[in-house]
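Structural overview
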Amino acid sequence: MKLWLGTGLEEEDAARLSPFDRGFTLGDGLFETLRVREGAVLRLSAHLARLATGAGVLGMALPPLDLAAALAATAEANGLTDGALRLTLSRGTGPRGVLPPAEPNPTLVITTAPLPAPAPPARLVIAQGTRRNDRSPLAQVKSLNYLDNILARQEAARRGADDGVLLNTRERVAETSIANVFAVIGGDLVTPPLSEGVLPGVMRAAVLAEGAGERPLTPEDLGRAEEIFLTSALGIRSVAALEGRTLPGRAVAERLRARIAGA
């Protein structure tokens, strides 16, 4: 595989990152996962806008190059027409300590991956061991620090589930470890607002544009939902069960998947 490192393409075996890179030592950085379909990067503008917003929150400059062109070049170099790109941006190397260097040199890495096999409808549990910090500005940032998400996913695996729903500090629904959550409740399609500690997903925005609404949701709200589905940049996934309760509804997710998931 060829990957983009810094300002150009390199062979995977030749690529080198500094052990003092703050992305490695402190999780000081951002990433985007982008879907490629028929050679085109889907929702590219939305991804780059979110990356720029996240960089602004972190006070980190974007590298002075054409990111869209770098993504396209990486996909082309690997013959990727249908799959995924991951763009990882760290603040770069720095001395020991938390305070960033005065003149950072960001590290940019772009890699490719095939799409995973289609996943069956997900089995969810409500994560008990960790919470999403809705009071943190990082809730709106797709940062390299995913430890709360990892803990929730590990808990879900121990409990025989595919993913865990993260609650926020007010015990309301935020998202799962890797996706935004939508529910059909009383016939209304709703999702938690960003103020609940929700990452502003690009597929989430596409579903909102189709007429979904936003309102705070409790675990009890999800418990009476007729249908639940998850959204990420790679698609829309129905939910088969929540805390052991079967959810037979699939119609809304299937309709949206046909309309927008691959567009």
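Computed from a predicted model, the values in this text were never measured in an experiment.

This part takes up the overall build of the chain. When helices and strands are tallied, the chain shows seven helices and 15 strands. Taking 263 residues into account, the globule formula puts the C-alpha radius of gyration at 18 Å, and the chain, at 19 Å, falls close to it. With the C-alpha coordinates of the chain rotated into their principal frame, the extents come out at 50 × 40 × 35 Å. By the burial criterion, 46% of the 263 residues in the chain qualify as buried. When the accessible area of the chain is evaluated, it comes to approximately 12500 Å², of which 56% is carbon and sulfur surface. Looking at charge distribution, the chain has the averaged site of its 29 positive side-chain charges lying 3 Å from that of its 29 negative ones.

Turning to the layout of surface pockets, a few remarks are in order. The calculated volume of the largest pocket comes to roughly 1200 Å³. In terms of lining residues, the largest pocket is bounded by 47 residues, among which Ser232, Leu234, Gly235, Ile236 and Arg237 are the most central. A class-by-class count of the residues in the lining of the largest pocket yields 23 nonpolar, 12 polar and 12 charged. Approximately 280 Å³ is the volume attributed to the second largest pocket. Arg132, Leu138, Ser143, Asn145 and Asp148 are, among the 15 residues lining the second largest pocket, the residues nearest its centre.

Right, let's get into unusual backbone geometry. The backbone of Glu38 sits at a positive phi, close to 50°, despite the residue not being glycine. Along the polypeptide, Glu38 turns up in the loop between β3 (29-37) and β4 (40-41). Overall, the relative accessible area of 64% leaves Glu38 in the exposed class.

So, on to empty space enclosed by the protein. A probe as big as a water molecule, rolled over the atoms, marks out the empty space that is left. Tallied over the entire structure, the rule returns one cavity of 30 Å³ or more. There is about 30 Å³ of room inside the largest cavity. As for the largest cavity, its lining consists of Arg35, Leu42, Arg43, His47, Val202, Met203 and Ala233. Of the residues that constitute the lining of the largest cavity, the class distribution is four nonpolar, one polar and two charged.

Turning our eyes to something else, we now look at the packing of helix α5 (residues 202-209) against helix α7 (residues 251-261). It is the contact of α5 with α7, at a shortest axis distance of 11 Å, that shows an interaxial angle of 110°. By the angle between their directions, the pair α5 and α7 is classed as roughly perpendicular. In this structure, α5 uses Met203, Ala206 and Val207 to contact α7, whose residues at the interface are Leu256, Ile260 and Ala261. Taken together, the residues of the contact of α5 with α7 break down into six nonpolar, no polar and no charged.

Take the pairing of strand β9 (residues 173-176) next. The pairing of strand β8 (residues 163-167) with β9 spans three bridges and is antiparallel. Its bridge partner lying in β9, Val165 is registered against Thr176. Adjacent in sequence and paired antiparallel, β8 and β9 are bridged by five residues, among which Glu171 carries a positive phi angle near 60°.

The subject of this paragraph is the pattern of salt bridges. This model, assessed by the stated rule, comprises 17 salt bridges. Residue Glu171 is joined to Arg131 by a salt bridge in which the shortest nitrogen-to-oxygen separation is 3.0 Å. On the criterion of sequence distance, the pair formed by Glu171 in the loop between β8 and β9 and Arg131 in the loop between β7 (122-126) and α4 (147-158) is long-range, its members being 40 residues apart. For Arg131, a relative accessible area of 23% corresponds to the partly exposed category.

Time to look at helix α3 (residues 67-77). Because each turn of an α-helix spans 3.6 residues, side chains separated by three or four positions end up pointing in the same direction. Residues Leu67, Ala70, Leu71, Thr74 and Ala75 constitute the buried set of α3. When α3 is viewed along its axis, its buried side chains cluster within an angular range of 130° and face the same direction. Of the surrounding elements, those touching the buried residues of α3 are β1 (2-5), β2 (8-11), β3, α2 (44-58), β5 (83-90) and β6 (107-113). Of the residues that open α3, the one with a side-chain oxygen 3.1 Å from the backbone nitrogen of Ala68 is Asp66. Of the residues trailing α3, Gly79 is marked for its positive phi of about 60°.

Analysis parameters
Residues numbered from 1 in each chain as written. Predicted model: local features only at pLDDT ≥ 70, side-chain atom pairs only at ≥ 80, totals over all residues. Heavy atoms only, no water. Helix = DSSP H or I, 4+ residues; strand = E, 2+ residues; numbered from the N terminus. Rg over C-alpha atoms; globule rule 2.2 N^0.38 Å. Buried < 20%, exposed > 50% of the residue type's maximum accessible area, 1.4 Å probe, protein only. Areas by Shrake-Rupley, 256 points an atom, 1.4 Å probe, with all protein chains shown as cover. Lys, Arg positive; Asp, Glu negative; His and termini not counted. Charge placed at Lys NZ, Arg CZ, Asp CG, Glu CD. 1 Å grid on protein atoms, 1.4 Å probe; cavity = no way out; pocket = protein on both sides within 12 Å on 5 of 7 lines; lining within 4 Å. Points joined across faces, edges and corners; volume = space filled by probe spheres on them. Nonpolar A, V, L, I, M, F, W, Y, C, P; charged D, E, K, R; others polar. Axes fitted to C-alpha atoms, helices over the stretch in contact; angles between N-to-C directions. Parallel < 35°, antiparallel > 145°, perpendicular 65-115°, else oblique. Contact = heavy atoms within 4.5 Å. Pairing = 2+ DSSP bridges. Salt bridge = Lys/Arg side-chain N within 4 Å of Asp/Glu carboxyl O. Arc of directions from axis to C-beta. Polar contact = N/O pair within 3.5 Å; in protein donor to acceptor, adjacent residues only side chain to side chain.

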